[in-house]
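# Structural features, examined
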Amino acid sequence: QVQLVESGGGLVQAGGSLRLSCAASGGTFSSYAMGWFRQAPGKEREFVAAIKWGGRDTYYADSVKGRFTIARDNGKSTVYLQMSSLKPEDTAVYYCAASNRWGLGSDSAIAYDYWGQGTQVTVSS
């Protein structure tokens, strides 16, 4: 059983930056692909970014490509989401998730087995 705890959310002005962290425990972190998803009020949860267990392969939603960067430190069992050039439409609860699969479908929530509790990101205009 893997436990995931996100941190780093907060309130930021448009154009600003935030770095989210997700600390994992209870499993072999380096054997999991990790993903970030977000959910805005009244909307469905959507994929943001994913990273394969080794860290060399990454995948981004078109809406964040070039602005967000996903990275992981397997020694610290932590995955990060560096967010830059933030926009009000990035406002959402951000969740990290772990999956023992990678490939087609890694942008789908059903591919992920473990989820964190989420951290709120609010971008003001």
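Now for a description of the structure that goes with this document. A quick note: this is a predicted structure, and the numbers were derived from the prediction, not measured.

Residues Leu4 and Glu6 point to one face of strand 1 (residues 3-7) and are all buried, whereas Gln3, Val5 and Ser7, pointing to the other face, are not buried. Of the pairings in the sheet, the one linking strand 1 to strand 3 (residues 18-25) comprises five bridges and is antiparallel in character. Across the sheet, Leu4 pairs through a bridge with Ala24, a residue of strand 3.

The subject of this paragraph is the pattern of salt bridges. Following the criterion strictly, the structure yields five salt bridges and no others. Asp62 is the salt-bridge partner of Lys65, the closest N and O atoms lying 3.1 Å from each other. Accessibility expressed as a relative area gives 64% for Asp62, which makes it exposed. In this structure, Arg67 and Asp90 form a salt bridge, with 2.8 Å as the shortest nitrogen-oxygen distance. Of this pair, Arg67 sits in the loop between strand 6 (58-60) and strand 7 (68-73) while Asp90 sits in the loop between strand 8 (78-83) and strand 9 (92-99), placing them 23 residues apart in sequence. As far as burial versus exposure is concerned, Arg67 and Asp90 are alike and both buried. Through salt bridges with shared partners, a single network forms among Arg38, Glu46, Arg67 and Asp90.

Of note, Thr119 is situated in strand 11 (residues 119-124). Judged by relative accessible area, which is 11%, Thr119 ranks as buried. There is a polar contact of 3.2 Å between the side chain of Thr119 and the backbone nitrogen of Gly9. When neighbours within four sequence positions are excluded, Thr119 is seen to be in contact with Glu6, Ser7, Gly8, Gly9, Leu20, Ala92, Val93 and Tyr94.

The next thing to look at is the nonpolar core. Counting 37 residues, the largest nonpolar core has Leu4, Met34, Trp36, Leu81, Met83 and Tyr94 as the members making the most contacts within it. With residues near it in sequence (within four places) discarded, Leu81 still touches Leu18, Arg19, Leu20, Trp36, Val48, Ala49, Phe68, Thr69, Ile70 and Tyr94.

By the definition in use, this model includes one disulfide. Across a sulfur-sulfur distance of 1.9 Å, Cys22 and Cys96 are joined as a disulfide pair. As the torsion about the S-S bond is roughly 45°, the Cys22-Cys96 disulfide counts as right-handed. Here Cys22 is found in strand 3, whereas its partner Cys96 is found in strand 9, with 74 residues between them in sequence. Each member of the pair, Cys22 together with Cys96, is buried.

It is worth spelling out the environment of Phe29 at this point. Following the sequence through the fold, Phe29 ends up in the loop between strand 3 and strand 4 (33-39). The spacing of Phe29 and Asn74 is 45 residues in sequence and 6.5 Å in space, taken between C-alpha atoms.

Strand order across the open sheet formed by four strands is 1-3-8-7, with antiparallel pairing between neighbours. A single partner strand is all that each edge strand has here, and the edge strands are strand 1 and strand 7. Taking each pair of neighbouring strands and ignoring which way they run, the sheet shows an average axis angle of 15°. Pairing of strand 3 with strand 8 involves six bridges; the strand directions are antiparallel. Each bridged residue has a counterpart across the sheet, and for Leu18 the counterpart in strand 8 is Met83.

What counts and how
- Residues numbered from 1 in each chain as written.
- Predicted model: local features only at pLDDT ≥ 70, side-chain atom pairs only at ≥ 80, totals over all residues.
- Heavy atoms only, no water.
- Buried < 20%, exposed > 50% of the residue type's maximum accessible area, 1.4 Å probe, protein only.
- Helix = DSSP H or I, 4+ residues; strand = E, 2+ residues; numbered from the N terminus.
- Pairing = 2+ DSSP bridges.
- Salt bridge = Lys/Arg side-chain N within 4 Å of Asp/Glu carboxyl O.
- Polar contact = N/O pair within 3.5 Å; in protein donor to acceptor, adjacent residues only side chain to side chain.
- Contact = heavy atoms within 4.5 Å.
- Core = buried A, V, L, I, M, F, W, Y, C linked by side-chain atoms within 4.5 Å.
- Disulfide = S-S within 2.5 Å.
- Axes fitted to C-alpha atoms, helices over the stretch in contact; angles between N-to-C directions.

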